[in-house]
Amino acid sequence: DPLRDFAPITYLADVPLYCAVPAELPAQDLAGLLAMARRQPGSVSYASSGIGSGGHLAGALLAQRSGAPLTHVAYRGAAPATTDLVAGRVQMLFVGLPVVAQHVAAGRLRLLAVATPRRTGTQPEVPTVAEAAALPGFAIASWYGLLAPAGTSPGIVQRLHAEATRALALPEVREALFVRAGLEPNGAGPEAFAAGIAAEIPEYRRILRLAGAQPVVHVCWWEAD
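Residues numbered from 1 in each chain as written. Predicted model: local features only at pLDDT ≥ 70, side-chain atom pairs only at ≥ 80, totals over all residues. Heavy atoms only, no water.

Draft legend 1. Molecular detail of the sheet that holds strand β2 (residues 18–22). Ordered in space as β4-β3-β5-β2-β6, the five strands form an open sheet in which the pairing is mixed. The sheet terminates laterally at β4 (71–74) and β6 (109–114), the two strands that pair on one side only. Taken pair by pair, the neighbouring strands of this sheet meet at an average axis angle of 30°, ignoring direction. Across three bridges, β2 lies against strand β5 (residues 92–95) in antiparallel orientation. When the bridges of β5 are listed, A20 appears paired with L93. With respect to the sheet, helix α3 (residues 78–86) is in contact with β2, β3 (45–48), β5 and β6, its orientation differing from that of β5 by roughly 145°. (Pairing = 2+ DSSP bridges. Helix = DSSP H or I, 4+ residues; strand = E, 2+ residues; numbered from the N terminus. Axes fitted to C-alpha atoms, helices over the stretch in contact; angles between N-to-C directions. Contact = heavy atoms within 4.5 Å.)

If you want it as structure tokens, here you go:
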């Protein structure tokens, strides 16, 4: 249970999900792509790295909010999904920037929008989905954070947060995470991080139901000789 079993330390960074499309796609923007999907049901498929992934949920939420019939195609990872996107076998993929950056730079893919509340510092020219598709409040993203086991001493949690904040400010860390990896810095502390997790849970339950994703429990064990 993410609320019961962990002591949040630091909300490190967001992982913006960009809407990437093949360069030769006729639609020049996200509004045009959604219009094409409405005119020709079944013509627009969106790939994801798997059922229940961030890309799957972003596409499902976009379909629901826009009313455009988008077909989900689940892959086993972002790499094969990107390969088929470049080949034009699917028309859209919500994905982190590092996965598609080389294809964007080479002109094989285009970025139509980003599913964050605000434009990112890495790609400020790319509009948000809310802007590009006229969907106020649209936002969905993955994130990285530090958590400790529940019951960890508040003093230890605060010390770890202070050290994480110091590390996030180092030039080499900022270069690695926020320039090369395309993450968006956050740095919120234990209380704000805990409140954010609590607020996300009901919203993601709703989106998961919308996407038709079912939870699967994998039980693994190891026996000593």
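Resuming the write-up.
Draft legend 2. Representation of unusual backbone geometry within the structure. Positive phi outside glycine occurs at A134, with the angle close to 55°. Assignment of secondary structure puts A134 in the loop between α5 (129–132) and β7 (142–149). Given the relative accessible area of 60%, A134 is considered exposed. (Buried < 20%, exposed > 50% of the residue type's maximum accessible area, 1.4 Å probe, protein only.)

Draft legend 3. A look at the sheet that holds β7. The strand order across the open sheet built from three strands is β7-β1-β8, with neighbouring strands paired in antiparallel fashion. The open sheet has two edge strands with one neighbour each: β7 and β8 (184–188). Mean inter-strand twist for the sheet, computed between neighbouring axes without regard to direction, equals 20°. In this sheet, β8 lies alongside strand β1 (residues 6–15) in antiparallel orientation, the contact comprising three bridges. In the strand pairing of β8, A13 is matched with P185.

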